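A structural walkthrough
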Amino acid sequence: MARYGMVIDLSKCMGCRACMEACKTENGTPLGHFFMYTFRWEEGTYPSSTIRFLPRPCNHCDNPPCVKACPYDARIKWKGGLVLTDVDNCRGVRYCEQACPYGVNYFNAKKPEENYGLDYGHADLASTTGGAVPPYWKPELEKAYSWDEDPKKKIERRVAGAGHRENTVGKCTFCVHRLENGITKTACQQACPVGAIIFGDLDDAGSDVAKALASRKSETFRLKDVAQTEPKVYFIGKAPAAAAHLIEQIPIPADVQKLGKTEYEGGTIPW
Ligand code: SF4
Ligand code: SF4
């Protein structure tokens, strides 16, 4: 069985955020939700300062506190070591969001049709939408996929598209819907113009991701290793300085709910 992970080469990343854009399109995430987020910050003192970038998906931790915190068997470890939300079991209590040290979870308070800034079905907007299929109706995000490794667990589970249901918590899925349909590249990897993102089976010595990790092992770091979550996202390059001055904060729409302070609201940064 594969153990999926990601290597992100910070020496290549130029902070263009094509990965963020691709992720939003691929997963049809609601306004203000970023399953992939590229931090941009400044290190040093002007005029000798450096601008640096770090794209941050969910780490799909091998030892995920979010899974332990969920009382409803909704945050689960899926095939291939993916950490996902079963959207039918999720009751929106947000314990996963509290337990995760990385701030990657997004609570979806509203119905999908209220959550995208555009009511696709509204007659007055027909000329604008042109009959387009709303992002939250993407069939492969809505489908149940089979999990046959643990006979005690429910076999068919809807684990993609958690941004599409009211009262659920969504986050990066490592594009599980792509994997389940035989596509082995994530949307962010596909979009990156400089090949900074490599996704694949960490346990397959012949995979690009395993080769990248093996060849640059001494240059890699993971976020908050001290939390012992065993992240499966590795970064190549210099670790960020402990205190970072973010260049900008994401403008959070007033109706997007977050619990407490997060990096998006000027609080902690996940390193
Ligand atoms: S990064 Fe957070 S949400 Fe993702 S697996 Fe780790 S603890 Fe869970
Ligand atoms: S698309 Fe590639 S270069 Fe652009 S921000 Fe993402 S990882 Fe960096």
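So, here is what we can say about the structure in this document. These numbers were taken from a predicted model, which means no experiment stands behind them. (Residues numbered from 1 in each chain as written. Chains lettered and ligands numbered in written order. Predicted model: local features only at pLDDT ≥ 70, side-chain atom pairs only at ≥ 80, totals over all residues. Heavy atoms only, no water.)

1. Re the sheet that holds strand 1 (residues 4-9)
To keep it simple, the criterion reads: Two strands pair under a simple rule: DSSP has to find at least two bridges between them. A run of H or I in DSSP becomes a helix once it reaches four residues, and a run of E becomes a strand once it reaches two; helices and strands are each numbered from the N terminus. Throughout, a residue-residue contact means that at least one pair of heavy atoms, one from each residue, lies within 4.5 Å. Only the stretch in contact is used when fitting a helix axis, every axis being a line fitted to C-alpha atoms; angles between N-to-C directions are given from 0 to 180 degrees.
The strand order across the open sheet built from 4 strands is 10-1-12-11, with neighbouring strands paired in mixed fashion. The open sheet is flanked by strand 10 (197-201) and strand 11 (220-221), the only strands paired with a single partner. In this structure, strand 1 lies alongside strand 10, joined through 5 bridges in antiparallel fashion. Across the sheet, the residue bridging to Gly-5 is Gly-200, located in strand 10. On top of the sheet, helix 8 (residues 208-215) reaches strand 1, strand 10, strand 11 and strand 12 (233-236); it is set at about 110 degrees to strand 10, its chief contact.

2. Some details on the sheet that holds strand 13 (residues 245-246)
If you walk across this open sheet you meet the 3 strands as 3-2-13, and the pairing is antiparallel. The open sheet is flanked by strand 3 (50-56) and strand 13, the only strands paired with a single partner. As defined by bridge partners, strand 2 (residues 37-43) adjoins strand 3 across 7 bridges and the pair is classed as antiparallel. Bridging from a neighbouring strand, Trp-41 pairs with Arg-52 of strand 3.

3. Regarding the side chain of Thr-29
Threshold: Polar contact is defined as a pair of N or O atoms within 3.5 Å, subject to the rule that within protein one atom must be able to donate a hydrogen and the other to accept it, and that residues adjacent in sequence are counted only when both atoms are side-chain atoms.
Looking at the element boundaries, Thr-29 is found in the loop between helix 1 (18-27) and strand 2. For Thr-29, the side chain forms a polar contact with the main-chain oxygen of His-33, separated by 3.4 Å. Setting aside residues no more than four positions away along its own chain, Thr-29 makes contact with Lys-24, Phe-35 and Tyr-116.

4. Remarks on the site of ligand 2
Note the following rule: Any residue with at least one heavy atom within 4 Å of a molecule or strand is counted as near it. Any residue outside Ala, Val, Leu, Ile, Met, Phe, Trp, Tyr, Cys, Pro, Asp, Glu, Lys and Arg is labelled polar, Gly included; the first ten of those are nonpolar and the last four are charged.
In the vicinity of ligand 2 there are 14 residues, among which Cys-13, Cys-16, Arg-17, Cys-19 and Cys-192 approach most closely. Tallied by class, the residues present in the shell around ligand 2 amount to 11 nonpolar, 2 polar and 1 charged.

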